[in-house]
Amino acid sequence: MTVSVLLVESSDDYADQVHGALAESWLAWDVQRARTLREAREILQQRRFDVALVSYRLSDGAAYDALAALAGTPALIAVPAGAESQAAHALRHGFADFFVHDPACQYLLTLPSQIEAVLERSRSAKSREAAEQLLARQHRLLQAIFKAQALFIASATPRDAFETLLHEMLVLTQSPLGFVGQVEAAPSGAKQLRIHAITDIAWDVPSRRKLAQLDAGGMVFNNPHSLLGAALEGAVPLISNDPASDPRAGGLPPGHPPLHSFMALPILAGGEVVALAGVANRAEGYLTADVSFLQPLLNTVGQLEMARRADRERRAMEAQLARTSAELATKSQALEVTLASVSQGISNVDEQGFVRVHNQRYRELLDLPQELLDRQPHMSEIVSFQRERGDFGVGFELIEPNARSYVASESAAQAQLGDMPPLYIRKTMEGRYLEVRTRLLPGGGRVRTFADVTDYLVTQDALRQSEARWRSLTQLSSDWYWECDAEFRLTRLEGNIRADLGISEDQLYGKRLWEMATVQVPSAAMAAYRRRLNAHKVFHDFEIQNANSGVTTFWAALSGEPIFDEAGQFTGYRGIARDITERKRAEAKIEQLAFFDDLTGLPNRRLLLDRLGQVLAQCKRVNSQAALLFLDLDNFKDINDTLGHEWGDRLLAEVGQRLSEGVRASDTVARLGGDEFVVILQGLSGKAQDAAQEVEVVALKILARLNQSYEIEGRSIHSTPSIGIALVDSASGTPQDLLKRADLAMYEAKAQGRNTLCFFDPQMQATASARSLLEADLRQALARSEFLVHYQRLVDADNRVLGAEALVRWQHPQRGLVPPMEFIGLAEQTGLILPLGRAVLRSACEQLARWAAHAASAHWTVSVNVSAHEFRHPGFVEQVLAILQETGAQPALLKLELTESLLLHDVEDCIAKMQVLRSRGVGFSLDDFGTGYSSLTYLKRLPLDQLKIDQSFVRDVLTDPNDAAIACTIVTLAQSLGLDVVAEGVETEGQRQFLLNNGCRCFQGYLFGRPGPAEALLQP
């Protein structure tokens, strides 16, 4: 036996002496020397020794400084002679013995035996300590077993139980790290460990989250490539005192504390691993003895775990049984409540035909005694009871025919299940209807239900009648009913669809309206219609046109509303469709009448104004030019009067056709009325000068076309137009303004000789405005009685006053006295000449009545000018006679002056009126004779009294031989016809003398006095 000795001695002499003394001993000594404490610590880090010899003083310290490094190795201290007192102190601090360096070296003789004695005492102490530790560990082991049993008995959670077990194992194995967990099967079937207790070794955030899984039911470990995985798979204890080089280890995650030693202990029960415990990092590693020592604890834990699992399974089964029982009770109760609450009567008949289950409604519907049903009778007994009571009728007539034989056999207990009808209707004696349904059950039983369907059948019958009425209405009505689905495809169409429309229902079903090729709807209207459908809104009177080739085109108006189910989900549309073809035709006819001329088919004034407004808007929008041509046929009235209105209408139609053919399709030709036409030219040049040239070219072409003869019924008619042109630009004003300008230009064309064209000039507008203002003033003057009557003398050859001509004057409040030439023409054009003429005639008659009261003027006559408008008035004669009667004037003193133009039209009517008035004493004078186109034939027939030579002939009678000859001829003609002659406009004595010499005896003119008030005639 070799004893290892560490000699810590600075003195080489002492060291040699010790080596020599030990070498002579019978024991084998392994002595290693350290000269300093530092050297001793380095040696101790490499190996351990049985005993150490330490010098009291060293070069780098004292002997006491070596005790920590020796760590329990028995040591002897060498003290110098004279310092023996330090030995006791050294023994108290941990040295096992001492020896004294005496000068004679006597200590060497006893040193070997002294070392042996120290070794023996150390071994004895260690054995005793080991025995005490073993006893303490076994005691702790028993305590751990008792704690485990107590925890399982107390039904502690796995975490609480395993944390206590882990704590005891760490203490028993003197390990700093460890874990305990249950072994369970993973979903894949492999084993996995659910750790419920583990030493806190978290080193970062992810590892702390992993550790937190303990609170959520355990931390699962299932890595087979590791020491822990090997222990799980092998089911045997595993010890690894060098995990870093162990091939079974799978390595550690970064940051994990290093493992120096590891022991895994499977916990078995019934040959199955139910748990696993592990400890790690004991300094001296682990031995199989540790496994044997802990085995009783492991076995106990295994048995307790099996018992706990069995108890858990039992508890789970009991809980499941309790839940199932509760559910069964709840369902049974719910079934009983349901059976008692349903409106149907229900019975369950077993395979032997006995009624085992029924509800209250069954008894009520069949009116069966409760005591009969309580004894669970046979079905034949129940059927016999009902039959005897008469529930089925005498011959089972209250049962549907298809079930009568079965019910009859059922009452005799002879019914065969195969003959049982699944459904039939029976009627009760109270008149109610019961629906009987039967369903066979596996094993031969059956469930039969009875439902009171009286209300349902009544409703069904009412629904059938309503449906029949609905179909009759839809077939007899001109409207159709339609439905479509949520995708707007037609699914239903009912009604009397006319055969001549060429519509087949099969062609329409499944299509959307916009997918039907024959349906014609403007794109904007169809887009609005589809937006309304997508918004699920009601729509009314959506008009469509169906145009099948070869069949009648028709119109329909659709109205519809969305359909929603009970959940509010949109399911489609339904509505009606109405044939509006006749209405559309009527509307088209109305539109034709409202916007088009019936004679020519051209746009009328209303449509013209609308299109003219559009043209104005376009000119403003694009800064372009257009033109308005106003056409009036020259002398069209003559054609009407000579040939008749029918020929005039045909001419107007021809004119409209020629105008339409002579312009572009984008231009507009319209008829305003009568013989007036309007042409709108669009798309002209933006420059006014260029546009005027373009318009002039078109207008000249129109003139040329309309100047061509019209062949109507084999007769050639010639007519010419007068055209007024107004250019249209962005500043042209309103359509009415444009028409006025073109109208003014047209009248200017007529004034220039007709059959020509004339562009509008602003001066025309000024003249027209002045004329309009004058017309307004004229109307106010009539209302305010601003007109005066002046009289101009009529004298004989001796300059005696024979009478006077009544001449109207206008006393204007601003303009003063207005002569008749400025307003008579306008009065004739506007029709105001009628009230004005009546006023003048009345004033003249009143003056006659006043002159009649004086002897000097009692014989005077008054001449009053009568215009053609007045004379042609149907009530002219009556008006004249009424005024004469009202004023008291003598008719014989009244002369009415007529113009030659009056005799150009309807001469016979003129003669008739003159004869009526002539018969009452009224005389007539032909004014301005010689300036018109009087016919001598008519002249001799007219009941005239007087001719008046126009002043245009009198003015130059002394200087113009022609005028003198005409004046003399008129005098001669009047004398030959027995008529008086009056020369108008006599201003000089020479004129008077010439006319007097040639037979004229009456004169009128400035030579005898200017027109003035009636009082002036009484003055010389």
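For every chain, the first residue of its written sequence is number 1, and the numbers climb from 1 along that sequence. Whole-chain, interface and lining totals are the exception, using all residues; otherwise, since this is a predicted model, local features are given only for residues with pLDDT of at least 70 and side-chain atom pairs are given and counted only at 80 or more. Derived side-chain values reflect all non-hydrogen atoms in the structure, with water molecules and hydrogen atoms excluded from consideration.

Taking an unreviewed UniProt entry as the reference, the protein chain is identified by name as EAL domain-containing protein belonging to Simplicispira hankyongi. Quoted verbatim from the Catalytic activity (unreviewed entry) field of UniProt, the annotation for the protein chain is "3',3'-c-di-GMP + H2O = 5'-phosphoguanylyl(3'->5')guanosine + H(+)". UniProt positions are given in the numbering used here, feature names are shortened, and annotations may be inferred rather than shown by experiment.

Bringing the overall build of the protein chain into the picture now. In this text, helices come from DSSP runs of H or I with a minimum length of four residues, and strands from runs of E with a minimum of two, each type numbered from the N-terminal end. Helix and strand counts for the protein chain come out as 32 helices and 40 strands. Whereas a compact globule of 1020 residues would reach a radius of gyration of roughly 31 Å, the protein chain reaches 72 Å, over 25% beyond that. In terms of principal-axis extent, the alpha carbons of the protein chain reach across some 215 × 115 × 60 Å. Scored against the burial criterion, the 1020 residues of the protein chain give a buried share of 42%. Relative to all contacts within the protein chain whose residues are 6 or more apart in sequence, the contacts with residues 24 or more apart total 56%. In short, Shrake-Rupley with a 1.4 Å probe defines the accessible areas, and a residue's cover is counted only from the protein chains shown. Approximately 53200 Å² of the protein chain is accessible, and the part contributed by carbon and sulfur atoms is 53%. His residues and chain termini do not enter the charge count, which takes Lys and Arg as positive and Asp and Glu as negative. Where a charge lies is defined by one atom per residue type: Lys uses NZ, Arg uses CZ, Asp uses CG and Glu uses CD. Across the protein chain, the mean location of the 102 positive side-chain charges is 2 Å away from that of the 127 negative side-chain charges. In this treatment the radius of gyration is a C-alpha quantity, and the globule benchmark scales as 2.2 Å times the residue count to the 0.38 power. Here the term buried applies to any residue with accessible area under 20% of the maximum for its type, exposed to any over 50%, and partly exposed to those in between, with areas from a 1.4 Å probe on protein chains only. We call two residues contacting when some pair of their heavy atoms lies within 4.5 Å.

Quick look at helix 21 (residues 688–707) now. Here helix 21 is 20 residues long and its end C-alpha atoms lie 28 Å apart, about the 28 Å a rise of 1.5 Å per residue gives. All of the buried residues in helix 21 are Ala691, Val695, Ala699, Ile702, Leu703 and Leu706. Looking straight down helix 21, one finds that the buried residues subtend no more than 110° of arc, so they occupy a single side. Of the exposed residues in helix 21, those oriented more than 90 degrees away from the buried face are Gln689 and Lys701. Those residues of helix 21 that are buried are in contact with strand 25 (625–633), helix 20 (645–661), strand 27 (676–684), strand 28 (710–712), strand 30 (721–728) and strand 31 (757–759). Here, expected helix span is obtained from the residue count minus one, scaled by 1.5 Å. Note: the arc covers the axis-to-C-beta directions of the helix.

A few words on the nonpolar core. Residues grouped as a nonpolar core are buried Ala, Val, Leu, Ile, Met, Phe, Trp, Tyr and Cys residues, joined through side-chain atoms within 4.5 Å. Residues Tyr791, Leu894 and Leu896 are the most contacted members of the largest nonpolar core, which totals 76 residues. For this core, the leading source of residues is helix 25 (residues 833–851), giving 8 residues. With 30 residues, the next largest nonpolar core counts Leu629, Leu633, Leu651 and Phe677 among its residues.

What follows is about unusual backbone geometry. Backbone phi values are negative for most residues with the exception of glycine, while trans is the configuration of most peptide bonds. With a phi angle near 70°, Asn281 is a residue other than glycine that sits in the positive phi range. When you line up the elements, Asn281 lands in the loop between strand 13 (272–280) and helix 9 (288–341). Owing to a relative accessible area of 16%, Asn281 belongs among the buried residues under this scheme. In the Ramachandran plot, Asp367 falls in the positive-phi region, its phi being about 55° despite a non-glycine side chain.

Okay, the environment of Lys948 next. Tracing the backbone through its elements, the reader meets Lys948 in strand 38 (residues 946–949). On a C-alpha basis, the gap between Lys948 and Gly510 in space is 94 Å, while along the polypeptide they are 438 residues apart. In this structure Lys948 touches Glu805, Glu897, Ser925, Leu926, Asp927, Asp928, Phe929, Val982, Glu984 and Gln1004, once residues within four positions along its chain are discounted. Among the polar contacts made by the side chain of Lys948, one reaches the side chain of Glu984 at a distance of 3.2 Å. Counted as a polar contact is a pair of N or O atoms within 3.5 Å, where, for protein atoms, one must be capable of donating a hydrogen and the other of accepting one, and residues adjacent in sequence contribute only when both atoms are in side chains.

Contact geometry of helix 25 with helix 27 (residues 876–887) gives a least axis separation of 9 Å together with a crossing angle of 35°. In this structure, helix 25 meets helix 27 at a crossing whose hand is right-handed. Residues Arg838, Leu841, Arg842, Cys845, Glu846 and Ala849 of helix 25 pack against Gln879, Val880, Ile883, Leu884, Glu886 and Thr887 of helix 27. Amino acid classes used here: Ala, Val, Leu, Ile, Met, Phe, Trp, Tyr, Cys and Pro are nonpolar; Asp, Glu, Lys and Arg are charged; the rest, including Gly, are polar. Residues belonging to the contact of helix 25 with helix 27 are distributed by class as follows: 6 nonpolar, 2 polar and 4 charged. Every axis in this analysis is a line fitted to C-alpha atoms, fitted for helices over the stretch in contact. Angles between the N-to-C directions lie between 0 and 180 degrees. What makes a crossing left-handed is the near helix being turned counterclockwise from the far one by less than a right angle; a clockwise turn instead makes it right-handed.

This part covers the sheet that holds strand 25. By definition, two strands form a pair when at least two bridges between them are found by DSSP. Judged by pairing direction, the sheet is mixed, and its 5 strands sit side by side in the order 26-27-25-30-31 without closing on themselves. Unpaired on one side and paired on the other, strand 26 (668–673) and strand 31 mark the two borders of the sheet. Neighbour to neighbour, the strand axes of the sheet diverge by 20° on average, direction disregarded. Across 7 bridges, the pairing between strand 25 and strand 27 is antiparallel.

Next up on the list: the pairing of strand 32 (residues 787–795). Burial analysis of strand 32 places 8 of its 9 residues in the buried class, which makes it a mostly covered element. The antiparallel hairpin formed by strand 32 and strand 33 (residues 801–812) contains 5 residues in its connecting segment, where Asn799 sits at a positive phi of about 65°.

Let's shift gears to the domain arrangement of the protein chain. In terms of domains, the protein chain is made up of domain 1 (3–130), domain 2 (156–310), domain 3 (344–459), domain 4 (477–586), domain 5 (608–760) and domain 6 (778–1017). These domain limits were set by an automatic method or by a database of domain assignments. With centres defined by C-alpha atoms, the gap from domain 1 to domain 5 works out at 150 Å.

The next thing to look at is the environment of Glu487. Structurally, Glu487 can be placed in the loop between strand 19 (479–485) and strand 20 (490–494). Judged by its relative accessible area of 42%, Glu487 falls in the partly exposed class. Here the alpha-carbon distance between Glu487 and Ala858, two residues 371 residues apart in the chain, equals 103 Å.

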